[in-house]
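Listed below, chain by chain, are the residues.
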Amino acid sequence: MLNVDKEKCIACGTCTALCPQIFKMGEDGEAEVYNAEGDTAEQAQMCIDSCPVQAISK
Ligand code: F3S
């Protein structure tokens, strides 16, 4: 299951820009998964790999 570690997230916005069907910015200003199945596994992996602080896990 995709997850954003809010302790690590620095709210850079990369994941929400690359995978807007999976991630959105939460009210706390950090990214969260709102639809883990919203995009392809390949696209999800690209977002995982693109996070500068490795805050996204699956
Ligand atoms: Fe946060 Fe990483 Fe996304 S820093 S906004 S989880 S790309």
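Keep in mind that this is a model prediction, so the values were computed, not measured. (Residues numbered from 1 in each chain as written. Predicted model: local features only at pLDDT ≥ 70, side-chain atom pairs only at ≥ 80, totals over all residues. Heavy atoms only, no water.)

**A few points about the state of the cysteines**
Formally, a disulfide is one covalent bond, and it connects the sulfur atom of one cysteine to the sulfur atom of another. Stated precisely, the cut-off is as follows: Two cysteine sulfur atoms make up a disulfide if the distance between them is within 2.5 Å. Secondary structure elements follow DSSP: runs of H or I no shorter than four residues count as helices, runs of E no shorter than two count as strands, and numbering proceeds from the N terminus. Relative accessibility under 20% of the residue-type maximum defines a buried residue, over 50% an exposed one, and the middle range a partly exposed one, all with a 1.4 Å probe and only protein chains included.
Counted according to the given criterion, the structure contains 1 disulfide. Residue Cys19 pairs covalently with Cys47 via a disulfide, S to S 1.9 Å. Disulfide Cys19 to Cys47: torsion about the S-S bond roughly 90 degrees, handedness right-handed. Within this pair, whereas Cys19 is found in the loop between α1 (14-18) and β2 (23-25), its partner Cys47 is found in helix α2 (residues 41-50), the two being separated by 28 residues in sequence. The exposure classification of Cys19 matches that of Cys47, with both residues buried. Here Cys12 is not disulfide-linked; the sulfur of Cys51 is the nearest cysteine sulfur, at 5.6 Å.

**Some points on the site of the ligand**
Test applied: Proximity is defined per residue: if any heavy atom of the residue lies within 4 Å of a molecule or strand, that residue is considered near it. Amino acids are sorted into nonpolar (Ala, Val, Leu, Ile, Met, Phe, Trp, Tyr, Cys and Pro), charged (Asp, Glu, Lys and Arg) and polar (every other residue, Gly among them).
Around the ligand, the structure places 14 residues, and the nearest of them are Cys9, Ile10, Gly13, Cys15 and Cys51. The class makeup of the residues in the shell around the ligand is 12 nonpolar, 2 polar and no charged.

**Re unusual backbone geometry**
With the exception of glycine, most residues fall at negative phi, and the peptide bonds are largely trans. Of note in the backbone geometry, Ala11 takes a positive phi value of approximately 60 degrees without being a glycine. For Ala11, the position within the fold is in the loop between β1 (3-4) and α1. Look at Gln54: it is not a glycine, yet its phi comes out positive at around 50 degrees. The topology assignment puts Gln54 in the loop between α2 and β4 (56-57). Gln54 sits in the exposed class, given a relative accessible area of 55%.

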